[in-house]
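Below, each chain spelled out in residue letters.
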Amino acid sequence: MTTPRASAVSKLHSQPSADEMTLAKLGYKQEFHREFTPLEVAGLAFSFVGVVPSIVSVLFYTIPNGGPFAMVWGWAFACPFIMCIGMAMTELASAAPTSGGLYYWTYSLASPRCRNFLSWIVGYSNTIAIITGVASVNWACTIQIIAAISIASSDQAHATTNQQLYGIYAALFLSQAVIVSLGTKVLARLQRLFTLVNACLCFIIIITLPIATPPDYRNSANFALREFTNLAGWPSGFAFILSLMAPLYTIGGYDTSVHISEEVSNAAMAIPWAIVGSIAVSAVLGCGVNISLTFCMGTDVGSLLNSPIGQPMAQILFNSLGQQKALALWCLIIIAEYMVASNCLLVGSRQTFAFARDGALPFSRYLYRINRYTGTPVNTVWFDTVCALAIGLLSFVSTEAIDAVFTISVTASYIAYITPITTRFAFKNDFKPGPFHLGKLSFPVAAIAVIWMAFMMFVFFFPTTPQTTTQQMNYTVVVLGGFMFLAIFWYYCPVYGGVHWFTGPISNVIRGENRYEDSILEKKEQHHDDADISVQPVDV
């Protein structure tokens, strides 16, 4: 019998890290490479927000529903509630740092009578939210590319067909899928570039725009901070509430870093700080960007919505910087938007992988695979890409139908967020805080977060104007309802439905499979009494 090589023996007897032991206690073996540093996962969360490109995408909500007043004070009003949502998420993320995140927490904390169904709904809501989120970001990027062509043209107008728009949309997705299929180490290092570009873009808008804006377009402090412009027709109070879609869409994706839990070191602390840090930095920089825009947008707010360029932000830059400089800055915004979409696809692929690992998705046996060359779930990257390309076909239905994707990404996320936060307090469970916890503030923060999300979900189902036609209706409730109907039907489908076979998270740590896993299980048993884990492991 040949003697094993020294490297092989060393590998067999290598001690599992604390992160690996934690993951094994939650029921999963280590399958990803932990290449993300805490700063890189924080950068991922920040660049996922994409402050400037996201604000560009949602100015259509704020300008007609309050104008400058809503841009500044709506942002300031919403951010404390956004932080409450993030803080409520951090405690759960610290307690059980796994890529499945939301649906895993729901199963672990809910009553045995309903935990399978709730976990199923949360998993599908989360998956739908992320896929529609990346679809909405890439659609926004498509519109911004058309706006760049308009800026470059002599009359600032460029007509496009739905086929051309979809072609650009598809090209963006296909190129991003190639990038996101790369190895974890490459994706981790890319976050440094993505973070730098997004941060620099914020400071360019905050500092450069006021300096370069001609006097004709500079506004007084009274106009920038107090002018309320209601062009939508709703009562002013409700119009202001509708404008909150802008900060809620921009600073979203609180679970972004959660889905990278199995690829980051010291996940139980790195993930919570990434959530809190990205919200805080985005809130401050976003406020600065909005204030800068209100001082430089001119007084004719209506002309921004009716601009031949087709984008209010692009028209503001054109008025302030001129054609060439505006085009250069707009191209940088497009690049940043592309980076945001790439990170959305990255995060979505990890959620899909985790859900497939537990057998909940169609074709799970094919989706739950790690590519041997890249060490990443390439199959789920392309699965999410195909799903998002299918969602993009809504552009051929109507503008309102594809616009509904923007609000679906928020409302579906809120369903996924509300459920585990609520189950923690609504059911009897043995939840124990992780190293990051709020102490006595846990329940008040969670209550504020849940009430806020429930209220805003209801608001987002309203149309943009009170006088609306069938064509102009807000189809969010229809499209979201369709997705959720399919998820529930798939669960209760006779014979083949999830109710017959889905039992929640499935442990893939099997004793005796190899010495590496044996060592983890042995460590887990030895440290069972003092391990700092908040959620009990799933049944094996």
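Residues numbered from 1 in each chain as written. Predicted model: local features only at pLDDT ≥ 70, side-chain atom pairs only at ≥ 80, totals over all residues. Heavy atoms only, no water.

**Brief notes about the overall build of the chain**
Where we set the bar: Comment: elements are numbered from the N terminus, with helices defined as DSSP H or I runs of at least four residues and strands as E runs of at least two. All radius of gyration figures rest on C-alpha atoms, and the globule criterion is 2.2 Å times the number of residues raised to 0.38. Contacts: residue pairs with any heavy atoms within 4.5 Å of one another.
Along its length, the chain carries 22 helices and two strands. Taken over the C-alpha trace, the chain has a radius of gyration of 24 Å; the compact-globule value for 540 residues is 24 Å, and the two agree within 12%. Considered along the principal axes of its C-alpha atoms, the chain spans approximately 85 × 50 × 45 Å. Expressed as a percentage of contacts within the chain between residues at least 6 apart in sequence, the contacts between residues at least 24 apart total 84%.

**Quick word on the nonpolar core**
Rules: Residues belong to one nonpolar core when they are buried, are Ala, Val, Leu, Ile, Met, Phe, Trp, Tyr or Cys, and are joined through side-chain atoms within 4.5 Å. Partly exposed residues are those whose accessible area sits between 20% and 50% of the maximum for their type, while under 20% is buried and over 50% is exposed, using a 1.4 Å probe and protein chains only.
Membership of the largest hydrophobic core comes to 167 residues, with the highest contact counts inside it found for Trp330 and Tyr414. Looking at this core element by element, the count peaks at 18 residues for helix H7 (residues 115-152). Ignoring any residue separated from it by four or fewer positions in sequence, one finds Tyr414 in contact with Ile85, Leu248, Tyr254, Met453, Met456 and Met457.

**Let's talk about the confidence of the model for the chain**
For the record, the criterion: Confidence scores labelled pLDDT are given residue by residue by the predictor and lie between 0 and 100.
Residue-level pLDDT values for the chain average 87, and 91% of them are 70 or greater. Low pLDDT (under 50) marks residues 1-13, which in the prediction has three contacts with non-local residues, meaning those over four places away or in another chain. Long-range and interchain partners of residues 511-540, a stretch whose pLDDT sits below 50, account for 63 contacts in this model, where long-range means more than four residues apart.

**Observations concerning a nonpolar patch on the surface**
We count it as follows: The patches described consist of residues with a relative accessible area above 30% and no salt bridge, like charges being joined within 9 Å and nonpolar side chains (Val, Leu, Ile, Met, Phe, Trp, Tyr) within 5 Å. Here, Shrake-Rupley sampling with a 1.4 Å probe gives the accessible areas, and only protein chains in the shown set may cover a residue. Counted as salt bridges are all cases of a side-chain nitrogen of Lys or Arg within 4 Å of a carboxyl oxygen of Asp or Glu.
There is a patch of nonpolar side chains on the surface, built from Leu174, Val178 and Trp382 and spanning about 260 Å² of accessible area. Among the structural elements, Trp382 can be located in helix H18 (residues 378-391).

**Let's talk about the packing of helix H11 (residues 236-243) against helix H20 (residues 442-459)**
Note the threshold: The convention used is that axes are lines fitted to C-alpha atoms, helices contributing only their stretch in contact, and that angles between N-to-C directions extend from 0 to 180 degrees. Convention used here: angles under 35 degrees read as roughly parallel, angles over 145 as roughly antiparallel, angles from 65 to 115 as roughly perpendicular, and any remaining angle as oblique. Residue classes follow a fixed rule: Ala, Val, Leu, Ile, Met, Phe, Trp, Tyr, Cys and Pro count as nonpolar, while Asp, Glu, Lys and Arg count as charged, and any other residue, Gly among them, counts as polar.
With their axes 10 Å apart at the nearest point, H11 and H20 run at an angle of 105° to one another. Relative to H20, the element H11 is oriented roughly perpendicular. Of H20, the residues touching H11 (which contributes Phe238, Ile241 and Leu242) are Phe455, Met456 and Val459. Of the residues in the contact of H11 with H20, the class split is six nonpolar, no polar and no charged.

**Details of helix H8 (residues 162-180)**
As a reminder, the rule being used: Multiplying one less than the number of residues by 1.5 Å gives the expected span of a helix. By construction, the arc corresponds to the directions joining the helix axis to the C-beta atoms.
Its 19 residues give H8 an end-to-end C-alpha distance of 27 Å, which sits within 8% of 27 Å, the value for a rise of 1.5 Å per residue. Those residues of H8 that fall on the buried side of the exposure criterion are Leu165, Tyr166, Tyr169, Ala170, Leu172, Phe173, Gln176, Ala177 and Val180. In an axial view of H8, the angular spread of the buried residues amounts to 160°, which keeps them on one side of the axis. As for H8, its buried residues are in contact with H7, helix H9 (184-212), helix H16 (323-357) and H18.

**Some points on the pattern of salt bridges**
Enumeration over the complete set of coordinates arrives at six salt bridges. When the shortest N-O distance is used, the salt bridge between Glu40 and Arg189 registers 2.7 Å. Of this pair, Glu40 sits in helix H3 (residues 38-49) while Arg189 is found in helix H9, placing the two residues 149 residues apart along the sequence. Judged by relative accessible area, Glu40 falls into the buried class, the value being 4%. Here Glu263 makes a salt bridge to Arg350, at a shortest N to O gap of 2.9 Å. Here Glu263, found in the loop between helix H12 (245-250) and helix H13 (267-296), pairs with Arg350, found in helix H16; they are 87 residues apart in sequence, far enough to count as distant. Given a relative accessible area of 0%, Glu263 falls into the buried group. Here the salt bridges share partners, and the residues they tie into one network are Glu31, Glu262 and Arg357.

**Overview of the packing of aromatic side chains**
Quick reminder of the rule: Two rings from Phe, Tyr or Trp (for Trp, the six-membered ring) form a pair when their centres sit within 6.5 Å of each other. Planes less than 30 degrees apart are called stacked, planes more than 60 degrees apart edge-to-face, and all others tilted. Charges are assigned to positions over rings by a cutoff of 6 Å between ring centre and Lys NZ or Arg CZ, combined with an angular limit of 35 degrees from the ring normal.
One pass over the structure, following the stated rule, counts 33 aromatic pairs. With a centroid separation of 6.0 Å and an interplanar angle of 55°, the aromatic rings of Tyr28 and Tyr104 are classed as tilted. Of this pair, Tyr28 sits in the loop between helix H2 (18-25) and H3 while Tyr104 sits in helix H6 (residues 102-109); the two residues are 76 residues apart in sequence, bridging distant segments of the chain. By relative accessible area, which is 1% here, Tyr28 ends up buried. An aromatic cluster is present here, built from Tyr103, Phe117, Trp120, Tyr124, Phe355, Trp490, Tyr491, Tyr492, Trp501 and Phe502 joined pairwise through their rings. For Arg357, the ring lying beneath its charged end belongs to Tyr28, and the centroid distance is 3.8 Å.

**Looking at the environment of Val58**
Structurally, the position occupied by Val58 is in helix H4 (residues 51-62). Taking C-alpha positions, Val58 is 7.8 Å from Tyr249, a pair spaced 191 residues apart along the chain. Excluding anything up to four places from it in sequence, Val58 contacts Ala246, Tyr249 and Thr250.

**A few points about the packing of H4 against helix H5 (residues 67-95)**
For any two helices packed against each other, the geometry is given by the interaxial angle and the distance between the axes. Rules: Each crossing is labelled by how the near helix is turned from the far one, with a counterclockwise turn of less than a right angle marking it left-handed and a clockwise turn marking it right-handed.
Between H4 and H5, the shortest axis-to-axis distance is 10 Å and the interhelical angle comes to 120°. Taken together, the axes of H4 and H5 are oblique relative to one another. Every pair of crossing elements has a handedness; the one defined by H4 and H5 is right-handed. Taking contact as the criterion, the partners of Ile55, Leu59 and Thr62 in H4 are, on H5, Gly67, Ala70, Met71 and Trp75. Its residues assigned to classes, the contact of H4 with H5 comprises five nonpolar, two polar and no charged.

**Overview of the state of the cysteines**
Applicable threshold: Cysteine sulfur atoms are paired as a disulfide whenever they fall within 2.5 Å.
Scanning the model with the defined rule gives zero disulfides in all. With no disulfide partner, Cys202 has as its closest neighbouring cysteine sulfur the one in Cys200, 9.2 Å distant. Under the relative-accessibility criterion, Cys202 is labelled buried at 0%. Among the cysteines around Cys344, which has no disulfide bond, Cys141 carries the closest sulfur, lying 11 Å off. Look at Cys344 and you get buried, because its relative accessible area is 4%.

**Points about the side chain of Gln30**
As a reminder of what qualifies: Residues adjacent in sequence count toward polar contacts only when both atoms are side-chain atoms; beyond that, a polar contact is any pair of N or O atoms within 3.5 Å, and within protein one must be able to donate a hydrogen and the other to accept it.
Structurally, Gln30 can be placed in the loop between H2 and H3. Its relative accessible area of 15% is what places Gln30 among the buried residues. A polar atom in the side chain of Gln30 sits 2.8 Å from the backbone oxygen of Phe32. Within the structure, Gln30 has its side chain in polar contact with the backbone oxygen of Glu262 (distance 3.0 Å).

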